[in-house]
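Coordinate analysis (summary)
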Amino acid sequence: RGKLEGGSRYTFYSPEMNTWSRDRLNLEAALRKGLGNDEFELFYQPQIDIRSGRLAGLESLIRWHRPGSGLVRPDLFIAAAEESGLITNIGEWVLNAATHQAARWSADGLVPVPIAVNVSVRQCTDMSVVDTIRHALRDSGMDPRQLKIEVTESTAMHDPERVAELLHRIHALGVGVAVDDFGTGYSSLSLLKRFPISELKIDKSFVIDLAEDNDDAAIVRGTIALAHSLGMRVVAEGVETELQLRFLARHGCNVAQGFLFAQPLPTAEIRHWLKMPPPHAQRAIEGLQHAR
Ligand code: C2E
Ligand code: MG
Ligand code: MG
Ligand code: MG
């Protein structure tokens, strides 16, 4: 940048900005191409019922096999997909992939548990996602009661009236609704009560420091109590240690999800995991049974 620096209206044309927008345009073009070329894949992460030690559900998490970049995680492309509007197409792909996978598992007699699908804020700006869900269910033959939609707390509060209407329509299909990343947004609890929510997911940022941080421990305990008093189940995400798991068990958390049990896995590996969980997961699950 030269003499014009600080000359306000030229600031938008800084070289940094050009690089940024070029990168962003490249990313959007690559995403669009990726949809056409079938470069996306859903991984699944097990959720464990803390009381029984049994599988309680699987959360689907998108991955992108971007040519030349290996496996790309959603944090690197969901925002761009949202801003470009491509999230509508990606979201449709996700719903179709998850429901068809669920139907396949169910036909194989595997995984008789809910499959959770993440839906982001832009997907909630119009009601068409409800049709997308309905079509995906019909097309795959998946039992609606096996499907769960996850919206983040900040999505829910972005436009509460509209999201409440949307969630009621989703609920009317027989599909469950979970609030994701709970504790990171600013919920109005009275609004939350009006949503047809069956589950709160405690954000992993509170779970990570559970054993060392008294405030986080208090937030987690409080969230569990709040959810239970509103008749909701509680899922803790980001559970990595036995210590965290024991704390959650002691305070009545219903479900745990995290690297302690499994990373998000491709479908072939989920099959193996279900048949024979690796030793560290097995130990954690057995530990649960003794903790009761
Ligand atoms: P999320 O829905 O809150 O998913 C949980 C994230 O935590 C996942 O990251 C998961 O891999 C990670 N995680 C799970 N257990 C642990 C643990 O023990 N420790 C740590 N440190 N992390 C753990 P991931 O897969 O990278 O996804 C990031 C976010 O991207 C998701 O957060 C979700 O908001 C979004 N996302 C993922 N898949 C989709 C999708 O299909 N559609 C949309 N719209 N968003 C998606
Ligand atoms: Mg989620
Ligand atoms: Mg989350
Ligand atoms: Mg998150």
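What counts, and at which threshold
Residues numbered from 1 in each chain as written. Chains lettered and ligands numbered in written order. Predicted model: local features only at pLDDT ≥ 70, side-chain atom pairs only at ≥ 80, totals over all residues. Heavy atoms only, no water. Near = heavy atom within 4 Å. Polar contact = N/O pair within 3.5 Å; in protein donor to acceptor, adjacent residues only side chain to side chain. Helix = DSSP H or I, 4+ residues; strand = E, 2+ residues; numbered from the N terminus. Nonpolar A, V, L, I, M, F, W, Y, C, P; charged D, E, K, R; others polar. Expected span 1.5 Å × (residues − 1). Core = buried A, V, L, I, M, F, W, Y, C linked by side-chain atoms within 4.5 Å. Buried < 20%, exposed > 50% of the residue type's maximum accessible area, 1.4 Å probe, protein only. Contact = heavy atoms within 4.5 Å. Phe/Tyr/Trp six-rings, centres within 6.5 Å; stacked < 30°, edge-to-face > 60°. Donors = N, O, S within 2.8 Å, 3.2 Å for Na, K, Ca; no water. Pairing = 2+ DSSP bridges.

- The name that an unreviewed UniProt entry assigns to the protein is EAL domain-containing protein, with the source organism given as Thauera mechernichensis.

Examining the site of ligand 1
- Around ligand 1 lies a shell of 23 residues, among which Arg63, Arg73, Asp180, Glu240 and Phe259 are the nearest.
- In the environment of ligand 1, an oxygen atom lies 2.8 Å from a nitrogen or oxygen atom belonging to the side chain of Arg63.
- The separation between an oxygen atom of ligand 1 and a polar side-chain atom of Glu237 is 3.4 Å.
- At the level of elements, strand E2 (55–66) and strand E6 (176–182) are the ones that each hand at least two residues to the shell around ligand 1.
- The greatest single-element share of the shell around ligand 1, amounting to 4 residues, is contributed by E2.
- Among the residues making up the shell around ligand 1, the classes are represented as 8 nonpolar, 6 polar and 9 charged.

Digging into helix H3 (residues 87–107)
- Taking 1.5 Å per residue, 21 residues should reach 30 Å; H3 reaches 30 Å between its end C-alpha atoms and fits that length.
- Looking one or two residues past H3, Gly109 carries a phi angle of roughly 75 degrees, positive in sign.

Some details on the nonpolar core
- Membership of the largest hydrophobic core comes to 82 residues, with the highest contact counts inside it found for Leu31, Ile115, Ile133, Ile149, Ile170, Leu245 and Phe261.
- Considering each element in turn, this core owes the most residues, 7 residues, to H3.
- In this view, Ile115 contacts Tyr44, Leu58, Ala98, Ala102, Trp105, Met142, Gln146, Leu147 and Lys148; residues no more than four positions away in its chain are not counted.

Looking at the environment of Ala79
- For Ala79, the location among the structural elements is in helix H2 (residues 78–84).
- By relative accessible area, Ala79 is classed as partly exposed at 42%.
- In sequence terms Ala79 and Ser120 are 41 residues apart; their C-alpha atoms lie 9.4 Å from each other.

Section: the packing of aromatic side chains
- One pass over the structure, following the stated rule, counts 5 aromatic pairs.
- Relative to Trp93, the ring of Phe40 has its centre 6.2 Å away and its plane inclined at 50 degrees; by these criteria the two rings are tilted. Here Phe40, found in strand E1 (residues 40–49), pairs with Trp93, found in helix H3; they are 53 residues apart in sequence, far enough to count as distant.
- The class of Trp93 is partly exposed, set by a relative accessible area of 22%.
- Feature note: the residues Phe40, Trp64, Phe77 and Trp93 constitute an aromatic cluster, connected by ring pairs.

A few points about the coordination of the magnesium ion (ligand 2)
- With distances of 2.0 to 2.2 Å, the protein atoms coordinating the magnesium ion (ligand 2) are Glu59 (OE), Asn118 (OD1), Glu150 (OE) and Asp180 (OD).
- All donors to the magnesium ion (ligand 2) come from one chain, and their sequence spacing reads E-x58-N-x31-E-x29-D.
- The metal-metal distance between the magnesium ion (ligand 2) and the magnesium ion (ligand 3) comes to 4.2 Å, with Asp180 coordinating both. Of this pair, Glu59 sits in strand E2 while Glu150 sits in strand E5 (residues 147–152), and the two are 91 residues apart along the sequence.
- We classify Glu150 as buried; its relative accessible area is 1%.

With respect to the pairing of E1
- Counting buried positions along E1 gives 8 out of 10 residues, so the element sits mostly inside the fold.
- Taken together, the 9 bridges between E1 and E2 define a ladder with antiparallel strand orientation. Opposite Tyr44, over in E2, you have Ser60 as the bridge partner.
- Linking E1 to E2, which pair antiparallel, is a turn of 5 residues; within it Gly53 sits at a positive phi near 75 degrees.

Some points on the environment of Met142
- Following the sequence through the fold, Met142 ends up in the loop between helix H4 (128–140) and E5.
- Exposure remark for Met142: the relative accessible area of 6% places this residue in the buried category.
- Sequence-wise, Met142 and Gly185 are 43 residues apart; in three dimensions their C-alpha atoms are separated by 32 Å.
- In contact with Met142, other than residues within four places in its own chain, are Thr99, Ala102, Ile115, Leu137 and Leu147.

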